[in-house]
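Here are the chains, one letter per residue:
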Amino acid sequence: MAVQPILRLPDERLKQISEPVAAFDSELRSRVAGLEETRLAGPAAVGIAAPQTGWFQRVVILDVSSKKGIAHHGHLVLVNPEIVHWEGYEIGREGCLSVPDYTGNVIRATRIRLLAQDLDGEPRELEMEGFEARAAQHEIDHLDGLLFVDRVVSRRTDLFRRKVYRAGGAGDDRQPT
Amino acid sequence: MLTLVGEDRPGIVAAVTRALFDAGCHLGEASMIRLGGNFTIMLMVRDARPAIGLEEALAPVAADLGLRCHIDPVSGGPHRHLVPNIQVRVVGADRAGIVAEVTEALAATGFNILELESDVCGDPDQPVYIMHIQGCSTEPIEDLTEALAGLRQRGISVEISPVETLIG
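Under the annotation held in an unreviewed UniProt entry, chain A carries the name Peptide deformylase and is attributed to Thioalkalicoccus limnaeus. UniProt, in its Function (unreviewed entry) section for chain A, records the words "Removes the formyl group from the N-terminal Met of newly synthesized proteins. Requires at least a dipeptide for an efficient rate of reaction. N-terminal L-methionine is a prerequisite for activity but the enzyme has broad specificity at other positions." In UniProt, chain A has this text filed under Sequence similarities (unreviewed entry): "Belongs to the polypeptide deformylase family."

What follows is the structure in structure tokens.
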């Protein structure tokens, strides 16, 4: 499959809830290959979800390996992914292929555990943290018809949570008292 | 660029934007925030008429709500937004000169400030100044940290961290 056009806001189809994948066949592989081509064709996206290309099934691709010094699982194709555990939260800046030229702050869980299937339908369980966990939550949101703009928080909100206290030499998670 | 400032009260945004809409204006990017008991509006407005017409259209609502109005003709169509890659958080006992000292040190590195928010909070007898800057820099974090090292020695807590923007 060739590079697919990306649906962009305000396309109502982005709000559609995607259906689970039932058939793990050659058509699925072909469509995933097209989805990956589409991800790589645009601006440096660390993930893409099938519905962004008008394919309304629960498939996402993640690859945050371009970010140096972070924990990740490399290139992942997640079929029917489901987050089963959330832990912690932090604010981070996100943008989206479907929302060009806009970025905003979004609160996401810091650590997640998710269940998914691979292209052969084999079950996988993955623990993710930080940037990769954020990417997974962003992409899985697409499967439920949610965009990051639905979760953007006020820029000033960030003032209330000063997470990193490196200058003081304390741990990363020390909270203001 | 339309600037409006007045004592804060409910209904300012509704009244102003209704007057602008009724006058045929199209609104763009805006910053609206309460600062020290005042409500402040900076708003990009597209209007075919000269600025004087816009001022006249706003005059009744400005008079009614006690708003001071200022208009600067600017060019401003759709543009590519700059995305910040660095954030700087500053906390210190409130005193004159903190902003100048921090931003001069940043400017010397070529840092481009896209956004600056600050608050004075804490005990009225011992006020604390908190400032949050986001901007663009091509310098490594270590160099920015070094550039601001002198401020830490003067009792100002400065924390510099990358802003990672996830595109998905």
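Draft legend 1. Region of the structure containing the interface of chain B and chain A. Listed as interface residues are 18 residues of chain B and, on the opposing side, 26 residues of chain A. Secondary-structure elements contributing two or more residues to the side of chain B that touches chain A are β7 (126–136), β8 (157–162) and β9 (165–167) of chain B. Top contributing element to the side of chain B that touches chain A by residue count: β8(B), with 4 residues. Considering only residue class, the side of chain B that touches chain A consists of 6 nonpolar, 6 polar and 6 charged. Bridge count between strand β4 (residues 90–96) of chain A and β9(B): 3 bridges; the pairing is parallel. From the neighbouring strand, A:G95 faces β9(B), where its bridge partner is B:I167.

Draft legend 2. Structural view of the UniProt feature "binding site: Fe cation" (unreviewed entry) in chain A. UniProt records the feature "binding site: Fe cation" (unreviewed entry) at A:C96, A:H138 and A:H142, using the numbering of this structure. These residues run over 47 residues, yet every pair of their C-alpha atoms falls within 10.4 Å of each other. Overall, the presence of 28 C-beta atoms within 10 Å leaves A:C96 in the buried class. Apart from the residues lying within four places of it in its own chain, the contact partners of A:C96 are A:L147, A:F148, B:I167 and B:G168. Structurally, A:H138 can be placed in helix α2 (residues 130–143). On the neighbour-count criterion, A:H138 (27 C-beta atoms within 10 Å) is buried. Residues in contact with A:H138, not counting those within four places in the same chain, are A:G47, A:E94, A:F148, B:L166 and B:G168.

Draft legend 3. Highlighting the pairing of strand β6 (residues 111–117) of chain A. Residue and element names in this part refer to chain A. Sheet analysis places strand β3 (residues 76–87) next to β6, joined by 6 bridges and oriented antiparallel. Across the sheet, the residue bridging to I83 is L114, located in β6. Relative to strand β7 (residues 123–129), β6 is paired through 7 bridges, and the arrangement is antiparallel. Across the sheet, L115 pairs through a bridge with E125, a residue of β7.

Draft legend 4. Layout of the sheet that holds strand β2 (residues 26–35) of chain B. All names here are of chain B. Spatially, β2-β3-β1-β4 is the arrangement adopted by the 4 strands of the open sheet, whose pairing is antiparallel. Looking along the sheet, the strands with just one partner apiece sit at the ends: β2 and β4 (68–71). Looking at each pair of strands side by side, their axes are set apart by 15 degrees on average, direction ignored. Relative to β4, strand β1 (residues 2–7) runs antiparallel, the two being bridged by 4 bridges. Each residue of the ladder has a partner; that of L2, found in β4, is I71.

Calculation rules
Residues numbered from 1 in each chain as written. Chains lettered and ligands numbered in written order. Predicted model: local features only at pLDDT ≥ 70, side-chain atom pairs only at ≥ 80, totals over all residues. UniProt positions renumbered as here; feature names shortened; annotations may be inferred. Contact = placed C-beta atoms within 7 Å. Helix = DSSP H or I, 4+ residues; strand = E, 2+ residues; numbered from the N terminus. Nonpolar A, V, L, I, M, F, W, Y, C, P; charged D, E, K, R; others polar. Pairing = 2+ DSSP bridges. Buried ≥ 20, exposed ≤ 12 C-beta atoms within 10 Å, placed from the backbone. Axes fitted to C-alpha atoms, helices over the stretch in contact; angles between N-to-C directions.

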